[in-house]
Amino acid sequence: MKEITFEKERAFLSPYAKKSFESAGRERPEKPCNMRTDFQRDRDRIIYSKSFLRLKNKTQVFFAPDGDHYMSRLTHTLDVSQIARSLARCLQLNEDLTEAIALGHDLGHTPFGHIGERVLNTLSPTGFKHSEQSLRVVDVLEKDGKGLNLTFEVRDGILNHTKRGTPATLEGAAVSLADRIAYINHDIEDAIRAGYLTEEELPKDAVRIFGGHTSERINSAIVDIYEESKGQNYVRMSEKTGKALEELRSFMFEHVYERANKLIQESAERMLTNLYTYFLGRPEELPELYRRTAGTDVPRAVCDYLSSMTDKYAIGVFNRLFVPREGSV
């Protein structure tokens, strides 16, 4: 069955796409699967991982929103996957590889969104970036310290999915663009729902280029990337559309992200800072997995543990350690 997929890739994928049979492989050799390609296996390993399941209870932008239709880190990930697959399909890239990268790109994200990332980056002596942590999750922390042993191409795409990254494959580049398209557009939708802004307040030039509604904006972005990148050895937006996307991004930082962050920033910083200090001084209380995989690097173990937490779990641990209970005094 796998050979049928190989033949389809030879026949239909772009000469610049990464074919499954051309993968650089895994760090630890494994017996091949008769049915699935290596990229398909990577996708399955990610979606059944514990880290992927925890994404449903991690903040995207709005913490504990009053409503059921706001984005979480999981729904953001699924959104990125959908957009990235659409790009891969129209550009004749490898959809399996693209999907695997997209599903794994945020596995190492902290609780409390980017506030949590900034706090750990400040506290850790070596800094903290969620893209690097996502790679550490799949390489080391998953499967009780054995890691998922993913292919080079998926690991590279996960590490380089941020704006400053340089993916080794066009599939990785598609995910990087899809990530930006996804979070800007669904964050606009969430901000309008939360009353932070109205559609009329969005930058007029950007609305003219992308459209006024979420589906229009995403479709316009995909069409632009297709027209700019078809038949080429790159995946990118046109200069005009790229500037419009950056204008939307800047607008969201000024009008939404800073305001939304202020609502939880003090609480999130206090909780994570206290938890970091507590476990740094008491590493014996860390779960055995994080002590074992980090060895003597206690700050690394603490960051691994804290970044793995969901919002709810982090609050629960903080309350257990620092909030007096009735009858405890």
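This section reports on the structure supplied with the text. (Residues numbered from 1 in each chain as written. Predicted model: local features only at pLDDT ≥ 70, side-chain atom pairs only at ≥ 80, totals over all residues. Heavy atoms only, no water.)

Over its 16 residues, helix 7 (residues 130-145) runs only 19 Å from end to end, short of the ideal 22 Å by more than 12%, given 1.5 Å per residue. For helix 7, every residue scored as buried is listed here: His130, Ser131, Gln133, Ser134, Leu135, Arg136, Val137, Val138, Leu141 and Glu142. Where helix 7 is buried, its residues meet helix 3 (50-54), helix 5 (95-104), helix 6 (113-123), helix 8 (152-159), helix 13 (288-294) and helix 14 (298-308). One or two residues past the end of helix 7 sits glycine 147, with phi positive at roughly 75°. (Helix = DSSP H or I, 4+ residues; strand = E, 2+ residues; numbered from the N terminus. Expected span 1.5 Å × (residues − 1). Buried < 20%, exposed > 50% of the residue type's maximum accessible area, 1.4 Å probe, protein only. Contact = heavy atoms within 4.5 Å.)

For glutamine 60, the position within the fold is in the loop between helix 3 and helix 4 (73-90). Measuring from C-alpha to C-alpha, the distance between glutamine 60 and valine 207 comes to 24 Å, with 147 residues separating the pair along the chain. When residues no more than four places from it in sequence are discounted, the contact partners of glutamine 60 are Met71, Ser72, Arg73, His76, Gly113, Tyr183, His186 and Asp187.

Before going further, it helps to spend a moment on unusual backbone geometry. One non-glycine residue, phenylalanine 112, adopts positive backbone phi at about 65°. Tracing the sequence through the fold places phenylalanine 112 in the loop between helix 5 and helix 6. Unlike most non-glycine residues, aspartate 144 shows phi in positive territory, near 60°. Tracing the sequence through the fold places aspartate 144 in helix 7.

What follows deals with a negative patch on the surface. A cluster of acidic side chains, namely Glu199, Glu200, Glu201 and Glu216, defines a negative patch on the protein surface. By the secondary structure assignment, glutamate 216 is in helix 11 (residues 214-229). The class of glutamate 216 is partly exposed, set by a relative accessible area of 37%. (Patch = residues over 30% accessible without salt bridge, like charges linked within 9 Å, V, L, I, M, F, W, Y side chains within 5 Å. Areas by Shrake-Rupley, 256 points an atom, 1.4 Å probe, with all protein chains shown as cover. Salt bridge = Lys/Arg side-chain N within 4 Å of Asp/Glu carboxyl O. Lys, Arg positive; Asp, Glu negative; His and termini not counted. Charge placed at Lys NZ, Arg CZ, Asp CG, Glu CD.)

This part is about the packing of helix 7 against helix 14. For the pair helix 7 and helix 14, the least separation of the axes is 12 Å and the interaxial angle reads 100°. When the axis of helix 7 is compared with that of helix 14, the two are roughly perpendicular. Residues Gln133, Arg136 and Leu141 of helix 7 touch helix 14, and the partners they reach there are Arg300, Asp304 and Ser307. Class assignment for the residues of the contact of helix 7 with helix 14 results in 1 nonpolar, 2 polar and 3 charged. (Axes fitted to C-alpha atoms, helices over the stretch in contact; angles between N-to-C directions. Parallel < 35°, antiparallel > 145°, perpendicular 65-115°, else oblique. Nonpolar A, V, L, I, M, F, W, Y, C, P; charged D, E, K, R; others polar.)

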